[in-house]
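# Structural characterization, general
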Amino acid sequence: MKLVVAIIRPHKLQEVKDALAELGLTGLTITEVRGHGRQRGQVEKYRGLEYTIDLLPKVKVEVVCGDHRKDEVIETIMRAARTGEIGDGKIFVLPIEESIRVRTGDRDEDSL
Ligand SMILES: Nc1ncnc2c1ncn2[C@@H]1O[C@H](COP(=O)(O)OP(=O)(O)OP(=O)(O)O)[C@@H](O)[C@H]1O
Ligand SMILES: [Mg+2]
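The structure reproduced in this document is the subject of the present report. These figures come from a predicted structure and were not determined experimentally. (Residues numbered from 1 in each chain as written. Chains lettered and ligands numbered in written order. Predicted model: local features only at pLDDT ≥ 70, side-chain atom pairs only at ≥ 80, totals over all residues. Heavy atoms only, no water.)

### What about the site of ligand 1?
Neighbouring ligand 1 are 13 residues; Gly35, Arg38, Gly87, Gly89 and Lys90 lie closest to it. A distance of 3.1 Å is found between an oxygen atom of ligand 1 and a backbone nitrogen or oxygen belonging to His36. Gly89 places a polar main-chain atom, nitrogen or oxygen, 2.7 Å from an oxygen atom of ligand 1. The cavity that encloses ligand 1 is the largest pocket. Looking at side-chain class alone, the shell around ligand 1 contains three nonpolar, six polar and four charged residues. (Near = heavy atom within 4 Å. Polar contact = N/O pair within 3.5 Å; in protein donor to acceptor, adjacent residues only side chain to side chain. 1 Å grid on protein atoms, 1.4 Å probe; cavity = no way out; pocket = protein on both sides within 12 Å on 5 of 7 lines; lining within 4 Å. Sits in = over half its atoms within 2 Å of the grid points. Nonpolar A, V, L, I, M, F, W, Y, C, P; charged D, E, K, R; others polar.)

What follows is the structure in structure tokens.
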């Protein structure tokens, strides 16, 4: 199993959620986060003064899936989250050792 962690633009969350649901993936976790990539945030003007907003609001989407679904999850998130502008986000993939559904005791892919 893999944990796919995507940091995306907040206004793309609905599209990403809908696209993942279409794949038949049921579970996911969302967190509101702040961060920056290689531009280190962006410089914005406010009342004529320039402020460096160095931690921009993003949404972190976490999905655990079987190894065989990892690539379609990545492609789906990319398609739904992309605008083509800087700051579209990033996807990280981590291995998951075990997964358990608390109610039933189902394990690993049966628990997803
Ligand atoms: N190396 C990293 N480690 C952890 N989080 C990161 C990293 N790079 C980006 N992020 C997270 O992803 C968010 C979006 O990053 P962003 O899309 O700006 O990446 P980028 O590398 O600067 O690409 P781009 O040039 O398209 O903007 C950041 O706000 C941050 O939360
Ligand atoms: Mg960036």
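More follows now that the structure is in view.
### A word on the layout of surface pockets
Computed from the structure, the largest pocket encloses a volume of approximately 580 Å³. Forming the walls of the largest pocket are 23 residues, and the residues nearest its centre are Gly37, Lys58, Gly87, Asp88 and Gly89. Secondary-structure elements contributing two or more residues to the lining of the largest pocket are β2 (29-35), β5 (56-65) and β6 (90-95). Residue composition of the lining of the largest pocket, by class: seven nonpolar, nine polar and seven charged. One number sums up the size of the second largest pocket: a volume of about 270 Å³. Grouping the constituent residues of the lining of the second largest pocket by class yields seven nonpolar, six polar and three charged. (Points joined across faces, edges and corners; volume = space filled by probe spheres on them. Helix = DSSP H or I, 4+ residues; strand = E, 2+ residues; numbered from the N terminus.)

### Observations regarding helix α1 (residues 13-22)
Among the residues of α1, Leu13, Val16, Ala19 and Leu20 are the ones counted as buried. Each buried residue of α1 sits inside an arc of 135 degrees when the element is viewed along its axis, so together they form one side. The elements touched by buried residues of α1 are β1 (2-8), β2, β5 and α2 (70-81). Of the residues trailing α1, Gly24 is marked for its positive phi of about 90 degrees. (Buried < 20%, exposed > 50% of the residue type's maximum accessible area, 1.4 Å probe, protein only. Arc of directions from axis to C-beta. Contact = heavy atoms within 4.5 Å.)

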